[in-house]
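Close look at the chain arrangement
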Amino acid sequence: IFYPFGSAAGDTRNTAVDDGSSSVISLLSPFLFFGRRYQQIYVNNNGHLTFNQSSSQFVPFSFPVYGGQDIIAGLWTDLDNRARGVVSYHQYTNGSVLTRATLDINNHFPNLTFNASWVFVATWDKAAYYPVTNTETSFQVVLISGSNFSFILMNYGDIAVTGHSVEAGYDTVNSTHYFVIPGSNNRSFISNLKNSSNVNVPGRWAFRVDSGTTRNIPKDNVIGLQVRLSSFSDVTQNGNIEIVLQQIKQELVKNGLPSSIVLKLRKLQKITP
């Protein structure tokens, strides 16, 4: 599921510096992220992307942050590429990578007719956790845009368990839009990321991220939703409830609802006449 990466793909490598980042990367095409149009990006060694400035932060913020910056976290944690692993990136405006991105997005979002015109691939290949240099963790964040659409793919390979705090997903300024990949902030669960998905492709999570303020539902608009769920999780536990709600939310967002939607679960007691 990984897009081409490494020296064979012509990637630019980040310097092997603990808590380091790329220099500012000028984008060959603007990237629309929930209403903000960015012309630059930073690839941070600790597993996340930022737009306005680089980040050496190795302890992830817990989404929603309600902060002042947009963040895309492939796997934000304390990584160290000095002894093991390569962090690299490449952007494309033509060729087979765009063809592949077009096919992927149309498969994952079948209600759209999409043609990719720009792709940015950031890869953390066999990166080690600090200070355990014999661990290997591989994942990838792919930004895709075309016309007024923009998407993120997060691809996961082998992910080592760590004792560090972790976070995967995205967060926006003031957290008007955010998403946490279910279980990604549970350090003992993250090795399962290569098997999880919201698009029926093990190891891949896909998000549409162009919509900004134009499709927000008013806060006082309450919609009732009745569904029948089948889950291996015990939904009487609060942590499992949050995971299930996040999965339902992403399905609703994929089908056109704004990602600012808030889901709440009301427990009803069934009374047999």
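Treat the numbers as computed from the prediction; the structure is a model and nothing was measured.

A word on the overall build of the protein chain
- Each helix and strand in the protein chain was counted, giving two helices and 13 strands.
- Per-residue burial for the protein chain yields a buried fraction of 48% across its 273 residues.
- Partitioning the contacts of the protein chain with sequence separation of at least 6, the portion at a separation of at least 24 is 66%.

Concerning the packing of aromatic side chains
- Scanning the entire structure with this criterion turns up 24 aromatic pairs.
- Ring centres of Phe 31 and Phe 51 lie 6.5 Å apart, and the angle between their planes is 15°; this geometry places the pair in the stacked category. Within this pair, whereas Phe 31 is found in strand E2 (residues 25-33), its partner Phe 51 is found in the loop between strand E4 (48-50) and strand E5 (71-76), the two being separated by 20 residues in sequence.
- Under the relative-accessibility criterion, Phe 31 is labelled buried at 0%.
- Relative to Trp 118, the ring of Phe 31 lies with its centre 5.8 Å away and its plane at 45°, an arrangement referred to as tilted. Taken together, the positions of Phe 31 in strand E2 and Trp 118 in strand E8 (residues 118-129) put the pair 87 residues apart, joining distant regions of the chain.
- Linked through ring pairs, Phe 31, Phe 33, Phe 34, Tyr 38, Phe 51, Tyr 89, Trp 118, Phe 120, Tyr 170, Phe 179, Trp 205 and Phe 207 together constitute an aromatic cluster.
- The ring of Tyr 3 has Arg 100 lying over it, and the distance from NZ or CZ to the ring centre is 4.3 Å.

Quick word on the environment of Phe 139
- Inspection of the secondary structure puts Phe 139 in strand E9 (residues 137-146).
- A C-alpha to C-alpha distance of 9.1 Å links Phe 139 and Ala 127, two positions twelve residues apart in sequence.
- Phe 139 has contacts with Phe 2, Gly 47, Gly 74, Leu 75, Leu 79, Ala 122, Thr 123, Trp 124, Asn 155, Tyr 156 and Ile 159, leaving out every residue within four places of it along the chain.

Brief notes about the environment of Gln 69
- Within the secondary structure layout, Gln 69 lies in the loop between E4 and E5.
- Note on Gln 69: relative accessible area 25%, which makes it partly exposed.
- For the pair Gln 69 and Phe 51, spaced 18 residues apart in sequence, the C-alpha to C-alpha distance is 7.9 Å.
- When neighbours within four sequence positions are excluded, Gln 69 is seen to be in contact with Thr 50, Phe 61, Asp 171, Thr 172 and Val 173.

Details of the sheet that holds strand E3 (residues 36-44)
- Reading across from one edge, E2-E3-E4-E5-E11-E12 is the order of the six strands in this open sheet, with antiparallel pairing throughout. The sheet terminates laterally at E2 and strand E12 (178-180), the two strands that pair on one side only. The sheet shows a mean angle of 25° between the axes of neighbouring strands, direction not considered.
- For strand E11 (residues 167-171) and E12, the ladder comprises three bridges, and the chain directions are antiparallel. For Asp 171, the partnering residue across the bridge sits in E12 and is Tyr 178.

Observations regarding the pattern of salt bridges
- Scanning the model with the defined rule gives seven salt bridges in all.
- Here Asp 80 makes a salt bridge to Arg 82, at a shortest N to O gap of 2.8 Å.
- Among the salt bridges present, the one from Arg 84 reaches Glu 136, with a minimum N-O distance of 2.9 Å. Pair noted here: Arg 84 is in the loop between strand E6 (79-80) and strand E7 (86-92) and Glu 136 is in the loop between E8 and E9, with a separation of 52 residues, a long-range link.
- Taking relative accessible area as the criterion, Arg 84 reaches 31% and is therefore assigned partly exposed.
- Bridged by salt links that share partners, the residues Asp 18, Asp 80 and Arg 82 form one connected network.

A look at helix H1 (residues 96-108)
- The end-to-end C-alpha distance of H1 is 18 Å, a good match for the 18 Å that 13 residues give at a rise of 1.5 Å each.
- Every buried residue of H1 is listed here: Val 97, Leu 98, Ala 101, Thr 102, Asp 104, Ile 105 and His 108.

Quick look at the nonpolar core
- By size, the foremost hydrophobic cluster in this structure holds 39 residues, and its most contacted members are Phe 33, Phe 120, Leu 143 and Ile 152.
- A total of six residues in this core trace back to one element, the largest contributor, which is E8.
- If we ignore the near neighbours within four places in the chain, the residues touching Phe 33 are Tyr 38, Phe 51, Asp 70, Ile 71, Ile 72, Ile 152, Tyr 170, Asp 171, Thr 172 and Val 209.
- Counting residues in each nonpolar core, the second largest holds 19 residues, with Tyr 92, Leu 98, Ile 144 and Leu 153 among its members.

Parameters and conventions
Residues numbered from 1 in each chain as written. Predicted model: local features only at pLDDT ≥ 70, side-chain atom pairs only at ≥ 80, totals over all residues. Heavy atoms only, no water. Helix = DSSP H or I, 4+ residues; strand = E, 2+ residues; numbered from the N terminus. Buried < 20%, exposed > 50% of the residue type's maximum accessible area, 1.4 Å probe, protein only. Contact = heavy atoms within 4.5 Å. Phe/Tyr/Trp six-rings, centres within 6.5 Å; stacked < 30°, edge-to-face > 60°. Lys NZ or Arg CZ within 6 Å of the ring centre and 35° of its normal. Pairing = 2+ DSSP bridges. Axes fitted to C-alpha atoms, helices over the stretch in contact; angles between N-to-C directions. Salt bridge = Lys/Arg side-chain N within 4 Å of Asp/Glu carboxyl O. Expected span 1.5 Å × (residues − 1). Core = buried A, V, L, I, M, F, W, Y, C linked by side-chain atoms within 4.5 Å.

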